[in-house]
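# Coordinate inspection notes
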Amino acid sequence: METRWLYTTAKDFPMLVERSKKTCIIPVGCVEKHGLHLPMGQDIIQVSRIAHEASKLEEVCIFPDFIFGDVPGANIPGSIGLPVATQLLLLEELCDEIGKSGFEKILLYNGHGGNVHWLNQFMRDINMRKKPYAVIYSMVKLWVPHKMAEMIEKDGSGIIPELTKEDEELIIKYHKEDMLIGHAGMSETAYMMGISPESVHMEYLGVESGLPTRKAKYLKDVGLSIVDGGWGVEFPNAFAGHDPIGCNERMGKAQIRLEAERFAQAIKVLKDDENIMKWHRERMEKLTAY
């Protein structure tokens with residue numbers, strides 16, 4: 001059946017709640033620069049697509065995208081950076097509405113590294129308040145090249161059927177070279193290649209570097225942390241990785257499948273779990289007692 005909230009009719013919605021076992025996914029991302037070769041919406045586009053693909057394997061309701069992430073470089077034209085306080089309030093109000101519709105487990109599926117800190121704070125805060133629902137968190141996984149290379153080395157050529165022999169050789173080469181694959185790197189490029197290859201501009205590679213400047217390394221070496229861990233100083237081009245030369249649509253399709261399968265299994269565990277709501281109710285009872 002249709003799993004996307006926005007595409008579900010009022011008549012079918014109660015059935016979606018039931019078949020989801022009162023579990024709802026919110027894809028969470030941001031709008032920010034991803035080097036010069038990837039679109040601004042990279043993070044939310046990838047988790048939204050993967051969540052939908054996973055819901056085809058394990059039925060679960062997919063809420064509309066939450067695009068407003070924490071963006072350090074929001075001064076870059078095209079980026080959107082709301083105050084964290086606004087994001088916290090907006091997400092809580094949305095979760096309340098989801099809860100009113102009958103859902104008890106709300107899973108935040110995050111595609112943006114800059115969201116990790118405020119989402120963890122949100123979870124800690126919301127799960128210690130008198131809400132009829134519990135909030136759970138999951139982060140998108142990056143498969144290209146390192147996880148894929150490990151699969152190939154362990155199980156042999158052909159284990160990832162979407163890849164050609166040449167793809168496998170390139171992936172293993174990058175793995176052995178310890179390729180840096182962070183923000184806008186090989187994995188994110190592959191995701192977008194698999195979703196919207198026309199949105200990837202490989203011809204823009206080489207204009208700006210994705211390698212760290214190491215300007216703030218001396219602070220990290222002595223245990224000092226500046227805002228965002230120095231990310232903006234280390235990666236001023238909003239690109240953290242080696243140029244993903246050779247990345248292609250086949251790698252993207254394989255990565256989407258692998259992540260959708262992984263995420264679908266996580267969703268199944270969450271849907272069938274009885275402890276999360278039990279623990280949540282116990283916390284609520286303790287709050288009431290005090």
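Residues numbered from 1 in each chain as written. Predicted model: local features only at pLDDT ≥ 70, side-chain atom pairs only at ≥ 80, totals over all residues. Heavy atoms only, no water.

Another aspect to go through is unusual backbone geometry. That bond from Val-144 to Pro-145 is cis: its omega, 0 degrees, falls within 30 degrees of zero. Structurally, the position occupied by Pro-145 is in the loop between β4 (134-139) and α5 (146-155). Backbone geometry at Lys-22 places phi at a positive 60 degrees, although glycine is not the residue there. Mapped onto the fold, Lys-22 is located in the loop between α1 (13-19) and β1 (23-28). Backbone geometry places Asp-178, a non-glycine residue, at a positive phi of 55 degrees. Structurally, Asp-178 is set in the loop between α6 (165-176) and α7 (186-195). For Asp-178, a relative accessible area of 59% gives the class exposed. (Helix = DSSP H or I, 4+ residues; strand = E, 2+ residues; numbered from the N terminus. Buried < 20%, exposed > 50% of the residue type's maximum accessible area, 1.4 Å probe, protein only.)

According to the stated counting rule, one finds 22 salt bridges in the structure shown. Residue Glu-92 is joined to Lys-131 by a salt bridge in which the shortest nitrogen-to-oxygen separation is 2.9 Å. With Glu-92 in helix α3 (residues 84-100) and Lys-131 in the loop between α4 (116-126) and β4, this residue pair connects regions lying 39 residues apart in the sequence. Among the residues examined, Glu-92 registers a relative accessible area of 13% and is labelled buried. On the basis of relative accessibility, which here comes to 13%, the residue Lys-131 falls in the buried class. Salt-bridge contacts for Lys-173 lead to Glu-177; the nearest nitrogen and oxygen are separated by 3.0 Å. Residue classification places Glu-177 among the partly exposed residues on the basis of a relative accessible area of 46%. (Salt bridge = Lys/Arg side-chain N within 4 Å of Asp/Glu carboxyl O.)

A few words now on the packing of aromatic side chains. A complete count under the given rule lists eight aromatic pairs for this structure. Seen in terms of ring centroids, Trp-5 and Phe-13 are 4.8 Å apart; in terms of plane orientation they differ by 65 degrees. Their pairing is edge-to-face. Grouping residues by exposure puts Trp-5 and Phe-13 together as buried. Each member of the aromatic cluster is reached from another via a ring pair, and the members are Trp-5, Phe-13, Phe-63 and Phe-103. One cation-aromatic arrangement involves Arg-4 over Tyr-7; the distance from NZ or CZ to the ring centre is 3.8 Å. (Phe/Tyr/Trp six-rings, centres within 6.5 Å; stacked < 30°, edge-to-face > 60°. Lys NZ or Arg CZ within 6 Å of the ring centre and 35° of its normal.)

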